[in-house]
Amino acid sequence: MSGRFVRSSKYRHVFGRSTRKEQCYDNLRISRNAWDTNLVKVNPKHLAVNWEAGGGGAFAVVPLEERGKLPDRIPLFRGHTAVVLDTDWNPFDDDLIASGSDDGKVFLWRVPENFTVRPDVDADDIQDIAPVGKLAGHPKKIGHVLFNPAAENVLATASGDYTVKIWDIEAGAAKLTLNVGDIVQSQSWSANGSLLVTTSRDKKLRIWDVRQERPAHETNGHSGAKNSRTVWLGERDRIATTGFSKMSDRQLALWDIRAVREPINGFKTLDSISGVCMPFWDDGTSCLYLAGRGDGNIRYFELENDKFEFLSEYKSADPQRGVAFMPKRGVNMHENEVTRAFKTVNDGYIEPVSFIVPRRSENFQDDIYPPTFGLTPAMSPSEWFAGKEAIPPKISMASLFDGEGLKEVSPAQEKPTGTIDAPAPKPAEPEPVVPKAAPVAAAEPTPTPAPAPVARPAPSMKEQGASMAAMVSKFADDEEVEEPVDDDSSFEEVPKPTERPARSAAAESSPPRVSSPPRPKEPEPEVKPQSPVATAAPSSPVSESNVPISAVYKEIEDLKDMLAQQARVIADQTSQMQKLTLEIEGLKSKLN
């Protein structure tokens, strides 16, 4: 084990901590309906549970602080005439929830102020909660409801009529319809709310341009007969899917939305357990959590370099049928909790599971708590239906840690990415600095074969004599305005050219630029830095009055020799950079 490489990660030691039974939510009657949904949904204030109720459908809402054993009779959210199949909390209103049912209706509900599951009244006098809005338009059961994460009051509902309808719940009408062609098994919005990804019974993975009511991309997903799930990976142009192979092995796949013909690095086999894997993405830590339906384990991975690196697994002997994950603004930062899951146990109670980064410090850990989404939408429903794209403003997690409430740190971002809404050729996702260095490499061989070995001096010419100090300093002042500060390190390492190829080609080649003599006649884009030559020339006679002419000539010759040596080094670096560029192009073509 001594030679084994250990990958560096802040989340390598994240562990799941279970909760004592008395701190769980006990005495629940969780729905036993076989429809494949998560059964529970959570936000920082409430927990929603699909309820096993007779005489129609219902679900329960439990305030998070009311732990322990619940009364036998609690107020339910009742109104559907058939079993409730799915619910979803409004991301911008913690008291508004939507539900979809087997009766083909979508109901909207508002949690009453100071709501409690332990009202101070007799059990026979407990009043159920009625819906505040109804959306009718699907002729068959509604299996999935999902609010838009960027636009206010925009809701997607997937139905047994093989369609997904997009609702403006303020207007109470369906504005758009996506004809999927089969039963939708899962759906997930992009971060800016412009695209929707679905998996369906026909084993197709579709990425919908929602407002055009057509799929932007469509490809074959997991080939197994059992259900497949999908989740959009936050603000990235990546999605993850879980499903089964033809041999019924559970699989995980990562997809680039710009080229979805095949998953990145193929389908990854997880195990041979028969339960569906429910995926949950944590954008703040770039971690994907997979909760098995029918087993008690939750394994988690970190996305790095387009690869899911396995971190660890929370193991439990208690199987789960439903799981929900807390939004980031609801975690306990004082215990370094990065996320919290709520899993059903034996259809009788719900157990919170905290995933914690083991650190001793009691201070705010800003490296594991970047800004996250708050309660402010990026746009109104009318703006979204008109075609606007934006990511909601984010809030500071430090302000929540200090008890200062929600404080925004960034405004809504217009058109947050260039890849999320415009399909493009499949990339290999190279490091961003390398493609930018390629044009620099192409431009530098032109000035290299200059007729004279004199070049513009750089700000780090510290070895020059007193007679040249003034001129060098003038050159340095102008260069620092336009060139990066890295010039010093470039020239300081010139005496050791054999060690230079290991460094970044862009960092080595961009600061120094070899050109013609100090007063070139030809126009070129970077002729401005040479303007100090005209003002620096009069300084030569001043220095010659104090220093012998021969010493000045000798120093000039030494300077020419040194710059010539630098020109040779730069030429070598240019050649190496061209080789690296060719290698990168080769890798990109192989990946494509």
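Residues numbered from 1 in each chain as written. Predicted model: local features only at pLDDT ≥ 70, side-chain atom pairs only at ≥ 80, totals over all residues. Heavy atoms only, no water.

Colleague: Help me out: how do you make sense of the pairing of strand β13 (residues 154-159) in this one?
Modeller: In regular strands, side chains alternate between the two faces of the sheet. Of all 6 residues making up β13, 6 are buried, and the element is well covered by its neighbours. Pairing of strand β12 (residues 142-147) with β13 involves 5 bridges; the strand directions are antiparallel. When the bridges of β13 are listed, Val145 appears paired with Thr157. In sequence, β12 turns back onto β13 through a hairpin of 6 residues, with Asn153 there showing a positive phi of about 60°. Where β13 lies against strand β14 (residues 163-168), 5 bridges are found, and the strand directions are antiparallel. Considered in β14, the bridge of Leu155 is made with Trp167. Taking the residues that link successive antiparallel strands as the turn, the β13-β14 hairpin has 3 residues, and the phi of Tyr162 there is positive, at about 70°. (Buried < 20%, exposed > 50% of the residue type's maximum accessible area, 1.4 Å probe, protein only. Helix = DSSP H or I, 4+ residues; strand = E, 2+ residues; numbered from the N terminus. Pairing = 2+ DSSP bridges.)

Colleague: Just to check I follow, could you spell out the sheet that holds strand β3 (residues 40-42) for this structure?
Modeller: By definition, the strands of a sheet pair up through backbone hydrogen bonds, in either a parallel or an antiparallel sense. Read from one edge of the open sheet, 4 strands run β3-β4-β5-β7, paired in antiparallel fashion. Unpaired on one side and paired on the other, β3 and β7 (77-80) mark the two borders of the sheet. Ignoring strand direction, the axes of neighbouring strands in this sheet form an average angle of 20°. Across 6 bridges, the pairing between strand β4 (residues 46-51) and strand β5 (residues 57-63) is antiparallel. Pairing of Val49 across the sheet is with Ala60, part of β5. (Axes fitted to C-alpha atoms, helices over the stretch in contact; angles between N-to-C directions.)

Colleague: Would you mind showing me how to read the pattern of salt bridges here?
Modeller: As a working rule, side chains carrying opposite charge can pair if their charged atoms are close by. Inspection of the entire model under this criterion finds 35 salt bridges. Taking the shortest distance from any N to any O, the salt bridge between Asp271 and Arg250 comes out at 2.8 Å. Within this pair, whereas Asp271 is found in strand β23 (residues 259-271), its partner Arg250 is found in strand β22 (residues 250-256), the two being separated by 21 residues in sequence. Given a relative accessible area of 16%, Asp271 falls into the buried group. Glu585 serves as the salt-bridge partner of Lys588, at 4.0 Å between the closest nitrogen and oxygen. (Salt bridge = Lys/Arg side-chain N within 4 Å of Asp/Glu carboxyl O.)

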